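Structure assessment
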Amino acid sequence: MTHAAIDRAITTPHPSAAEVIHKSTFSAADYRHNQQKIAQLMAQLNQIVLDKPQVVKLALSGILAGGHLLLQDLPGMGKTTLAQGLAQLLGLSFNRVQFTNDMLPADILGMSIYDQKKQQFEFRAGPIFTQLLLADEINRSSPKTQSALLEAMEERQVTQDGQTYPLPQPFFVIATQNPLQQSGVYPLPESQLDRFLLCLSLGYPSPTAERELLKGQDRRELLKNLDAVLDTEAVLLAQQGVKHVYVADVVLDYLQRLVAKTRASSEYHGLSPRGVLSLQRAAQAYAYVSGHMEVTPEDIQAVFAAVTDHRLGQRFVPAHVTGGQATQTIAQRILAEVAVIS
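This write-up is about the structure you can find in this document. (Residues numbered from 1 in each chain as written. Predicted model: local features only at pLDDT ≥ 70, side-chain atom pairs only at ≥ 80, totals over all residues. Heavy atoms only, no water.)

1. Some points on the overall build of the chain
Summing up its helical and strand segments, the chain has 15 helices and 9 strands in all. The 342 residues of the chain split such that 49% are buried. A separation of at least 24 residues holds for 76% of the contacts in the chain among residues at least 6 apart in sequence. (Helix = DSSP H or I, 4+ residues; strand = E, 2+ residues; numbered from the N terminus. Buried < 20%, exposed > 50% of the residue type's maximum accessible area, 1.4 Å probe, protein only. Contact = heavy atoms within 4.5 Å.)

Spelled out as structure tokens, the structure:
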């Protein structure tokens, strides 16, 4: 399907979930084919990132929703492996930038260099000009360098010396960050956190998965053997398919009650309208990845913490800091307090 056909596929909201596929340019056969590819992709990625099927599913949902991902955990937990595996299986161009405290914005965006032969400045594009950028340990760089990503993440473009340069489509940022308890890190400001659709943590592997890691092949070697399951056109098609996932009024009622609950407390600031739209989009993508074309309350519950906790001021604390006990997050408390049906 061409890009023009993808654009034409965007239609008005559908009256029922059953008519979603038939009233758009997406045929039932196309939908089934895409679902098979997505299932194949997740199966392969779960062979690389062991014992984390829900994190893998959420990460893929975030990508197909057109959003950026923030992976926060201790070093060595598999964050980079997950990002690289996604890039290879999605068939997207990929660049990795290791953030350090001496990095400058130009190291990411690029810079204008004077060409003596042409007697003029020429822009040399930085590593951000790719379809999937891994911003590794983003919170080890200064706030000035972190902010260099803001325009790219929101507008999908880079402005240098008064000239605007569009980024490749699709464009995603997967950033990893270390816990704030570690030395040499700069907290991401709220404006930066809000650019990430989902914030995920891998956590420690189970004993069974850890034994498989110890006895199995190196994950980096396994990554080399991965072949692309999707490609650019398929990813763009899937993103349009996500937009066609139907959200019934009764489900929107539940979503809005959850949002209202975030705004009713003086303990934290509530979700902004952009956060609300992010929640709906993530739920649609999760439903799409799950193989159905209608959002259920369970889809909203599955993505709620990943979409909202970092927007509500929840800071990541590794399990070993809390004595191995996983504390209840803000989002989990809200889910427990809000009924699905009022």
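2. Quick look at the sheet that holds strand β8 (residues 172–177)
Paired through their backbone hydrogen bonds, the strands of a sheet run either parallel or antiparallel. The 5 strands lie next to each other as β2-β5-β8-β1-β9, forming an open sheet whose pairing is parallel. Each edge of the sheet is formed by a strand with only one pairing partner; in this case those strands are β2 (94–98) and β9 (196–200). Here the average twist between neighbouring strands, direction ignored, is 15°. With 4 bridges joining them, strand β5 (residues 132–136) and β8 adopt parallel strand pairing. In the sheet register, Ala135 faces β8, and the bridge partner there is Ala175. Taken strand by strand, helix α4 (residues 79–90) contacts β1 (68–72), β2, β5 and β8, and its axis lies near 160° from that of β2. (Pairing = 2+ DSSP bridges. Axes fitted to C-alpha atoms, helices over the stretch in contact; angles between N-to-C directions.)

3. Comments concerning the environment of Ala302
Along the chain, the position of Ala302 falls in helix α14 (residues 297–308). What makes Ala302 partly exposed here is its relative accessible area of 23%. The spatial distance from the C-alpha of Ala302 to the C-alpha of Ala282 is 9.5 Å, given a sequence separation of 20 residues. Setting aside chain neighbours within four positions, we find Ala302 in contact with Gln54, Leu58 and Tyr286.

4. So, the side chain of Gln192
Turning to its location among the elements, Gln192 is positioned in helix α8 (residues 190–193). Taking relative accessible area as the criterion, Gln192 reaches 1% and is therefore assigned buried. In terms of polar contacts, Gln192 uses its side chain to reach the backbone carbonyl oxygen of Gln146, at 3.4 Å. Those residues in contact with Gln192 that lie beyond four places of it in its chain are Ile138, Gln146, Ser147, Leu149, Leu150 and Met153. (Polar contact = N/O pair within 3.5 Å; in protein donor to acceptor, adjacent residues only side chain to side chain.)

5. A few points about the packing of aromatic side chains
Evaluated as defined, the whole model comprises 3 aromatic pairs. Considering the side-chain rings of Tyr114 and Phe121, the 5.1 Å spacing of their centres and the 65° angle between planes classify their relative orientation as edge-to-face. By relative accessible area, Phe121 is classed as exposed at 57%. An angle of 70° between the planes, with centres 5.9 Å apart, marks the rings of Phe123 and Phe129 as edge-to-face. For Phe129, a relative accessible area of 21% gives the class partly exposed. An aromatic cluster is built from Phe123, Phe129 and Tyr165, whose rings are joined through pairwise contacts. (Phe/Tyr/Trp six-rings, centres within 6.5 Å; stacked < 30°, edge-to-face > 60°.)

6. Details of the pattern of salt bridges
Pairing between side chains of opposite charge can happen when the charged atoms of each approach one another. Counting across every chain of the model gives 10 salt bridges. Put simply, Glu154 and Arg274 hold a salt bridge, and the shortest N to O gap is 3.1 Å. Taken together, the positions of Glu154 in helix α7 (residues 150–155) and Arg274 in helix α13 (residues 273–290) put the pair 120 residues apart, joining distant regions of the chain. Overall, Arg274 belongs to the partly exposed group, its relative accessible area being 33%. One salt bridge connects Arg220 with Asp218, and the closest N-O pair in it is separated by 3.3 Å. The exposure class assigned to Arg220 is exposed, which follows from its relative accessible area of 58%. Judged by its relative accessible area of 37%, Asp218 is partly exposed. Connected through salt bridges with shared partners, the residues Glu154, Asp194, Arg195, Arg274 and Arg311 form a single ionic network. (Salt bridge = Lys/Arg side-chain N within 4 Å of Asp/Glu carboxyl O.)

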